[in-house]
Amino acid sequence: MKKIAPFQLAFALLFSGYEMFHSKSAKDKKAAADKPAKPGRLRQAVKTHDLTTLASMMTENFGYSLNPERSGDSVFKFWDLHNLWPDLQGIMTERCLQKGEYWVAPPQFADESLHYDGYRAGIRRVNASWKFTYFVNG
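Residues numbered from 1 in each chain as written. Predicted model: local features only at pLDDT ≥ 70, side-chain atom pairs only at ≥ 80, totals over all residues. Heavy atoms only, no water.

S.K.: Help me understand the packing of aromatic side chains, please; the structure alone is not making it clear to me.
M.R.: Taken as a whole and judged by the stated rule, the model has 10 aromatic pairs. Relative to W79, the ring of F76 lies with its centre 5.7 Å away and its plane at 70°, an arrangement referred to as edge-to-face. With a gap of three residues between them, F76 and W79 both fall in helix α6 (residues 75-81), about one helical turn apart. Like F76, the residue W79 is buried in the burial classification. Centre to centre, the rings of Y102 and Y134 are 5.5 Å apart; their planes meet at 65°, and the pair counts as edge-to-face. Placement of Y102 in strand β4 (residues 102-105) and of Y134 in strand β6 (residues 129-136) is noted, with a sequence separation of 32 residues between them. For Y102, a relative accessible area of 23% translates into the label partly exposed. Three or more aromatic residues joined by ring pairs form one cluster here, namely F62, F76, W79, W85, Y119, F132 and F135. Positioned above the aromatic ring of F109, the side-chain terminus of K99 is 3.6 Å from the ring centre. (Phe/Tyr/Trp six-rings, centres within 6.5 Å; stacked < 30°, edge-to-face > 60°. Helix = DSSP H or I, 4+ residues; strand = E, 2+ residues; numbered from the N terminus. Buried < 20%, exposed > 50% of the residue type's maximum accessible area, 1.4 Å probe, protein only. Lys NZ or Arg CZ within 6 Å of the ring centre and 35° of its normal.)

S.K.: What is the right way to read the sheet that holds strand β1 (residues 58-66) from this model?
M.R.: The strands that make up a sheet are held in pairs by hydrogen bonds between backbone atoms, and each pair lies either parallel or antiparallel. Reading across the sheet, the six strands line up as β2-β1-β6-β5-β4-β3 and stay open at both edges, with mixed pairing between neighbours. Bordering the open sheet on either side are β2 (69-71) and β3 (97-99), each of which pairs with just one other strand. Neighbour-to-neighbour, the strand axes of this sheet turn through a mean angle of 30°, independent of strand direction. Here β1 runs beside β2; their pairing, made up of three bridges, is antiparallel. Counterpart to G63 in the pairing with β2 is S71. Sitting on the sheet, helix α7 (residues 85-92) touches β4, β5 (120-126) and β6, and the angle it makes with β6 is about 130°. (Pairing = 2+ DSSP bridges. Axes fitted to C-alpha atoms, helices over the stretch in contact; angles between N-to-C directions. Contact = heavy atoms within 4.5 Å.)

S.K.: What should I look at first to understand unusual backbone geometry in this one?
M.R.: Looking along the chain, the bond that leaves N67 and enters P68 is cis, with omega of 0°. The residue P68 is located in the loop between β1 and β2 in this model. In this chain, A105 is followed by P106 through a cis amide linkage whose omega measures 0°. Within the secondary structure layout, P106 lies in the loop between β4 and β5. With phi around 70°, A128 is a residue other than glycine that occupies positive phi space. Secondary-structure assignment places A128 in the loop between β5 and β6.

Printed below as a string of structure tokens:
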């Protein structure tokens, strides 16, 4: 019995670590690249009003108003002026779904049949990284 235990232990260790050394196929890597990372860092930056981190995660032409159309600089002033931080934080707790080239929250916005016109946020792939692209209402 004492001679079998070391062999069983070695066998268990050998095969339990297989997944650790198994590399993903090119197909698996592409599928993972097409989905945005979970927006935890973005959610945390919104929650703490970390403007530096948020700015680094946003596109240069970030959209923050549809009527009138506004984009780019002054988004943080606009959010402060209109007290939109709680709305943004609420939307960022929602699940993201794909809608065209964007991943959007809340998921109701991704469903065309619902005609959702409330606040929504979008992220998309820009130069091989995911960027916060818009937060608008209407």
